[in-house]
Amino acid sequence: MPDEAPAVPVPRFRSVLDRIVGYRPSKAMPSLTGPTYQLAANESPYGPPAAVLEAIGREALRINRYPDNGCAGLIAEISARFGVPEDGVAVGCGSVGVAQMLMAAVAEPGSEVLYAWRSFEAYPILTRLSGATSVETPLRDGVHDLDAMAEAITDRTRLVFVCNPNNPTGTVVGEAELAAFLDRVPADCLVVLDEAYREYVRDPGSPDGLRIAAGRPNVVVLRTFSKAYGLAALRVGFMVGHPVVAGAIRKTYLPFSVNGIAQAAAIAAIGAEPELLARVDTTVGERERLRAALAARGWTVTPSQANFLWLPLGERAAAFGEHCGRAGVLVRAFAGDGVRVSVGSAAENDAFLTAAASFGP
């Protein structure tokens, strides 16, 4: 037998990488010949307002210069808009970037990070990369089981994620329930209220994290400009919390990771908020239309307070995702669990309903 070729030497990587599957966005099927409708990433279906485009154009003339590393202008606008002190705000590369900053500040080998499952896909990835141990508690009827989460906290728990509305189920926890849970969390354990979809909430019983976190130094709130503000490609998120916590988090910021164009666009988006929130109202209307149409056709659809719907299809989830992909409608399928469908424009939503009709509930 011929000698086997020697193995190519490679650097030594961290063993944790063997247990991590990187984020893989949905893709169209190779046989697709018609139009493609992107309903997999929870994006806004609308382009940027004129004021945002103008701000991007102005800032583009300065891309030979580094951006403001402290995001001072943007933080000032966030402070004014949400009525929070500037020293309690930290900005990062999308809310997931801020989540990574939080993990870098509190998580380490031997510590634990607690979250419900299924929830945001990044939580287990960020936890493993930090060296901490993931502790997952199952959802109850698609909703965070806060009693079970409180029981799972130990003296090793450094951080707890509560995704509200939850991604991918779209469910929310009530204000009284959340407040009771926060009262049970030790003062030295950080609770992160991930509110990436807050603007789409219409349930009057759902808490505003900024209000419920006030007076609780161990509670912070994550928000993003990616969804309702329509800046997904520019990656801007922020955290609001106690100034001591925000100051610690800012130490973990990757220098210049929120670029100048992103900062300028986010500031302009705050100024254009009335126009953007009117679009959110349209999306909420489409969400309810889509849910009603699916329910009328016999589909089980979890009530949602986000800009997406959850179909708990179990073992049929992967097949349904592939079916929609062949029809040119990209959705997010979680094999063995369910399918998340973003709410798009009326035409995009109609294309999804057509694809779903040919699969059957």
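The structure we're discussing is the one just above.
Remember, it's a predicted structure, so these values are computed and weren't measured experimentally.

Please provide a residue-by-residue account of the sheet that holds strand 12 (residues 338–342), values included.
Strand order in the open sheet formed by 3 strands is 9-12-11, and the pairing between neighbours is antiparallel. Looking at strand neighbours, the two that pair on one side only are strand 9 (308–311) and strand 11 (332–334), the edges of this open sheet. Recorded for the sheet is a direction-independent mean angle of 15° between the axes of neighbouring strands. Bridge count between strand 9 and strand 12: 4 bridges; the pairing is antiparallel. Bridged to Phe308 within strand 12 is Ser342. Of the strands in this sheet, strand 9, strand 11 and strand 12 are in contact with helix 11 (residues 317–326), which crosses strand 11 at around 160°.

How would you explain the pairing of strand 3 (residues 112–117) if you had to name every residue and give the values?
For strand 3, the buried fraction is high: 5 of the 6 residues fall into the buried class. Bridging between strand 3 and strand 4 (residues 133–138) involves 6 bridges; their strand directions are parallel. Counted as the bridge partner of Ala116 is Thr137 from strand 4. In the sheet, strand 3 pairs with strand 5 (residues 157–163) via 3 bridges, with the strands oriented parallel. If you follow Leu114 over to strand 5, its bridge partner there is Val160.

Could you give an account of the pattern of salt bridges, with specific residues and numbers?
Scanning the model with the defined rule gives 19 salt bridges in all. For Glu108, the salt bridge goes to Arg158, with nearest N and O atoms at 2.7 Å. One end of the pair, Glu108, is in the loop between helix 3 (94–106) and strand 3; the other, Arg158, is in strand 5, with 50 residues separating them in the sequence. According to the relative accessible area criterion, Glu108 is partly exposed, its value standing at 37%.

Kindly report on the sheet that holds strand 6 (residues 190–194), identifying the contributing residues and their values.
For sheets, the rule is that strands pair by backbone hydrogen bonds, running either parallel or antiparallel. One open sheet accounts for 7 strands, arranged 2-8-7-6-5-3-4; its pairing is mixed. Looking along the sheet, the strands with just one partner apiece sit at the ends: strand 2 (89–92) and strand 4. Pairwise comparison of adjacent strand axes, ignoring direction, gives a mean angle of 25° for this sheet. Relative to the sheet, helix 2 (residues 72–82) contacts strand 2, strand 7 (219–224) and strand 8 (237–240), its axis offset from that of strand 2 by approximately 125°. The strands touched by helix 8 (residues 243–250) within the sheet are strand 2, strand 6, strand 7 and strand 8, with strand 2 carrying the most contacts at an inclination of about 25°.

Describe empty space enclosed by the protein, with residues and values.
Taken as a whole, this structure holds 1 cavity of 30 Å³ or more when the rule is applied. If you add up the space inside the largest cavity, you get close to 70 Å³. Taken together, 14 residues line the largest cavity, and the ones lying closest to its centre are Ser44, Tyr46, Lys227, Ala228 and Arg279. Here the residues of the lining of the largest cavity sort into 8 nonpolar, 4 polar and 2 charged.

Could you give an account of the side chain of Asn307, with specific residues and numbers?
Looking at the secondary structure, you find Asn307 in the loop between helix 10 (273–296) and strand 9. Given the relative accessible area of 0%, Asn307 is considered buried. For Asn307, the side chain forms a polar contact with the main-chain oxygen of Asn42, separated by 3.0 Å. Dropping the residues within four chain positions of it, Asn307 is found in contact with Asn42, Glu43, Tyr197, Tyr200, Thr283, Ser342 and Val343.

Residues and numbers for helix 8, please.
What helix 8 keeps buried is the set Val245, Ala246 and Ile249. Around the axis of helix 8, the buried residues are gathered within 95° of arc, so they sit on the same side. Looking at the buried positions of helix 8, the neighbouring elements they touch are strand 2, helix 3, strand 6, strand 7 and strand 8.

I'd like to hear about the state of the cysteines, residue by residue, with values.
What the rule picks out here adds up to 0 disulfides. With no disulfide of its own, Cys93 lies closest to Cys71 among cysteine sulfurs, the gap being 10 Å. The thiol of Cys163 is unpaired, and the distance to the nearest cysteine sulfur, on Cys189, comes to 17 Å. On the accessibility criterion, Cys163 (2% relative accessible area) is buried.

I'd like a description of the packing of aromatic side chains, backed by residues and values.
According to the stated counting rule, one finds 13 aromatic pairs in the structure shown. Geometrically, the ring pair formed by Phe120 and Tyr123 is edge-to-face, given 5.5 Å between the ring centres and 90° between the ring planes. A relative accessible area of 23% means that Phe120 is categorised as partly exposed. Residue Tyr123 is classed as buried on the basis of its relative accessible area of 1%. With centroids separated by 4.1 Å and ring planes inclined at 10°, the aromatic side chains of Tyr123 and Phe161 adopt a geometry described as stacked. With Tyr123 in helix 4 (residues 122–130) and Phe161 in strand 5, the pair connects residues that are 38 residues apart, well separated along the chain. Each member of the pair Tyr123 and Phe161 is classed as buried. Linked through ring pairs, Tyr115, Trp117, Phe120, Tyr123 and Phe161 together constitute an aromatic cluster.

With reference to specific residues and values, describe the side chain of Asn349.
In this structure, Asn349 sits in helix 12 (residues 346–357). Those residues within four positions of Asn349 in sequence are excluded, and the remaining contacts are Leu39, Glu286, Arg289, Leu290, Ser342, Val343 and Gly344.

Parameters at a glance
- Residues numbered from 1 in each chain as written.
- Predicted model: local features only at pLDDT ≥ 70, side-chain atom pairs only at ≥ 80, totals over all residues.
- Heavy atoms only, no water.
- Pairing = 2+ DSSP bridges.
- Helix = DSSP H or I, 4+ residues; strand = E, 2+ residues; numbered from the N terminus.
- Axes fitted to C-alpha atoms, helices over the stretch in contact; angles between N-to-C directions.
- Contact = heavy atoms within 4.5 Å.
- Buried < 20%, exposed > 50% of the residue type's maximum accessible area, 1.4 Å probe, protein only.
- Salt bridge = Lys/Arg side-chain N within 4 Å of Asp/Glu carboxyl O.
- 1 Å grid on protein atoms, 1.4 Å probe; cavity = no way out; pocket = protein on both sides within 12 Å on 5 of 7 lines; lining within 4 Å.
- Points joined across faces, edges and corners; volume = space filled by probe spheres on them.
- Nonpolar A, V, L, I, M, F, W, Y, C, P; charged D, E, K, R; others polar.
- Polar contact = N/O pair within 3.5 Å; in protein donor to acceptor, adjacent residues only side chain to side chain.
- Arc of directions from axis to C-beta.
- Disulfide = S-S within 2.5 Å.
- Phe/Tyr/Trp six-rings, centres within 6.5 Å; stacked < 30°, edge-to-face > 60°.

Spatial relationships are all this shows, so hold off on functional conclusions.
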